[in-house]
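# A look at the structure
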Amino acid sequence: MAITIKSFPDLKKAGKRNYQEKIQTRLASKTISPFLRNWAKGKTFNLQTSGCQANVRDSEIITAFLENLGLQHTDNIYQANVVIFNTCAIRENAEKKIYGELGQLKQSAKEIPQKIVAICGCMAQEEKPMRYIKEHFPYVNLVFGTHNIDSIYALLEACLTSENRIFDVISTTGEVVEDLPSSRFDKTKAFVNIMYGCDNFCTYCIVPYTRGRMRSRSIEEIVKEVNSLKEQGYKEVTLLGQNVNAYGYDLKDPNSTFDKLLEAVAQTNIPRVRYTTSHPGYFTEDVFKVMAKYDNIMPSLHLPLQSGNDNILKRMNRHYDSKKYLDLVKMLRSYIPDVYLTTDIIVGFPNETEEEFEDTLKVCKEVNYDNAYTFIFSPRDGTPAYYMPDDVTYEEKLKRFNRLKEVIDTSATISASKEVGKIVEVLFDTVSKRDKTMISGYSRHFRLVHVKGDPSLIGQIRKVKIIESHTYSLIGELLSE
Ligand code: SAH
Ligand code: SF4
Ligand code: F3S
C-alpha cells in the first residue's frame, strides 16, 4: 500500500519554543462531507485509550467526532470498521503494550474491507515508534497526533479515497482549539482542560515534545464549560493541565492566574472541584488560601516529588529542592491540616546512588503520603536523561522500587486506618468491580470508599460511616438521609 506522508514526527522541532510567537486560538473544524457521512452509515468504531487524563479527555472528543459522523461504538475490536489507539509515551511499557495489541489485528485488517486502523496520541508524536509502525505494521493506515484531532474527518476521507496509508503528525508548539465536540464517558465527574502542553522539560519527560508549548484556555471558556457541566447535573470537575500552577503564564494577564481561575470555578457552586497536576516549583500561597476559603474545593492535592535528593532534582530540572518541597507541604497543612496528599516518584534516575535514593525515602517518611504513584525510570528517546550515563543495574532499581513501595504502603495503611469511625461524604460513581453488591465512590479527601447499596446511588453525594480500612480503600455503611 502506498504511503502519503503529510508530516512525520520530528522531536527536535517539537522541543523548540518560540515565545515571540503568539498562541492562536481557533474554533474546531467539524464539517462532514456527504461522501464521508454516506460511508459511515451502518459502520462501527472502537477506541482504545491509554495514558493520563489528558488522553481520556482527548478520547471523549474523538468519540464525539466519530459519533457525530454516524459511526456506532462497538466493543469488538476485530469487527470494528475504524479502530483507533489513543496512545501514551510516558514509559516504554506503555508503548510495548500497543505493539502487542496491534499484532492481534493483523487478520481482521485483511478480512474487513477498508478497515481503518489508526494511531494517535503521544506515541504518534514520537519518531522511532512511528518509523517502526511504518515498517512493521502495514495495516496501520492512519497516524495523526495530539495537535490535529479535529482534522479527523479529512484524514479518514483521505484514507478511504486514496487507499494510501496516511501519516499526518504535526510537531509544533500548538494552538488552543475551542468549541470541540465532546461525548463524556462519566455522567457524574468531568475533566476540564485548563491548559495544554508543558514548557518545563524535566530531563526524563517526553510530554513537552508530544504535547507542545504550554498554552492556557481563557478563564471565560473554562467557567462556561463548568457552568454547562453543572447544568447537566455533573457533581465534580477536575481541572486538568500538566502544570496547573503555571496556568496563565502565557496569557500575560495579571487576572489570569491559577488561584483566580480556581476561585472563579469554585464560585460556579458546582459541588466538587479538584485539580491536577501541580508542580511544587510554581505554587503560590494564594492557591492554598483559595482552597481553604471554598468548601467545594476538595481537600486533596497531588504534588509530585519525583526525588527527595537535591542533586537528582537538579539533574531532573525540577526547579525546587527538598527543603522547598517540605516547606510547601508545611504551608499547605497550615491551611488544610487534614489534606489528602499524594505524589509521583521516579526511582533509578541515571546514576542515582544509594544515598541519593535514601534521601527520597527520608522525605517520604517525613511527609507521610496518603498514596503515591511510583515508577522506575524509563529512558525516553530524545529527552536529555536518555543520553545520561547510568551505572545502576535494573535489579538494583527494582529493589529500590520495592523498598520505596513498602514505605508508601506503610504510611497509606496508617492514614487509612485513622478513617475508621469517621463520617465522610461520598460521591458514588460506579458499581464495585470485585463485588457487584457494592457501590464505590470517593470521599471529599479522594479516598476510595465501598458501601453495600444499589446502583441508584450513582451520581449522589451521601454520608457514610467508615467501618473498615484497607491500604488504598475503605468500607463504609450508608447513613440514612
Ligand atoms: N505533568 C505531570 C505528570 C507527568 S507524567 C507532572 O509533572 O507531575 C506522570 C508521571 O510519570 C510523572 O510525574 C513522573 O513521575 C512519571 N514519569 C514521567 N516520565 C517518566 C520516565 N521517563 N520514566 C519514569 N517515570 C516517568
Ligand atoms: Fe513532564 Fe515535567 Fe512537564 Fe510534568 S512538568 S509534564 S514531568 S516535563
Ligand atoms: Fe502519556 Fe501523553 Fe499523558 S505521554 S501520560 S498520554 S500527556
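Let me begin by describing the structure that accompanies this report. Values in this document were obtained by computation on a predicted structure and should not be read as measured data. (Residues numbered from 1 in each chain as written. Chains lettered and ligands numbered in written order. Predicted model: local features only at pLDDT ≥ 70, side-chain atom pairs only at ≥ 80, totals over all residues. Heavy atoms only, no water.)

### Some thoughts on the nonpolar core
Across soluble globular proteins, nonpolar side chains show a tendency to be buried alongside one another. Here is the rule we go by: Note on terminology: a nonpolar core comprises buried Ala, Val, Leu, Ile, Met, Phe, Trp, Tyr and Cys residues joined through side-chain atoms within 4.5 Å. Throughout, exposure labels follow a simple rule: accessible area from a 1.4 Å probe, protein chains only, divided by the maximum for the residue type, with under 20% read as buried, over 50% as exposed, and the rest as partly exposed. The contact criterion used throughout is that any non-hydrogen atoms of two residues lie within 4.5 Å.
Of all hydrophobic cores here, the largest spans 59 residues; its most connected members are Ile 194, Val 237, Leu 239, Phe 258, Leu 262, Tyr 275 and Leu 301. Each residue touching Leu 262, except ones within four places of it in the same chain, is listed here: Leu 239, Val 273, Tyr 275, Val 287, Val 290, Met 291 and Ile 297. With 28 residues, the next largest nonpolar core counts Phe 45, Leu 47, Leu 66 and Leu 155 among its residues.

### Here's the deal with the site of ligand 2
Where we set the bar: For each residue, the test is whether any non-hydrogen atom lies within 4 Å of the molecule or strand; if one does, the residue is near. When residues are sorted by character, Ala, Val, Leu, Ile, Met, Phe, Trp, Tyr, Cys and Pro go into the nonpolar class, Asp, Glu, Lys and Arg into the charged class, and all the rest, Gly among them, into the polar class.
In the neighbourhood of ligand 2, the contacting residues comprise Cys 198, Asn 200, Phe 201, Cys 202, Tyr 204, Cys 205, Val 207, Pro 208, Gln 242, His 279 and Arg 318. Partitioned by chemical class, the residues of the shell around ligand 2 number seven nonpolar, three polar and one charged.

### Some thoughts on unusual backbone geometry
To be explicit about the condition: Numbered from the N terminus, helices here are DSSP runs of H or I no shorter than four residues, and strands are runs of E no shorter than two.
Note that the residue after Thr 276, namely Thr 277, is joined by a cis bond; omega there is 5°. Along the chain, Thr 277 turns up in the loop between strand E14 (272-276) and helix H11 (285-293). Backbone geometry places Asp 179, a non-glycine residue, at a positive phi of 65°. Within the chain, Asn 351 stands out as a residue other than glycine whose phi angle is a positive 60°. Looking at where Asn 351 falls in the secondary structure, it is placed in the loop between strand E16 (340-347) and helix H14 (354-367). Asn 351 gets classed as partly exposed once you look at its relative accessible area, which sits at 27%.

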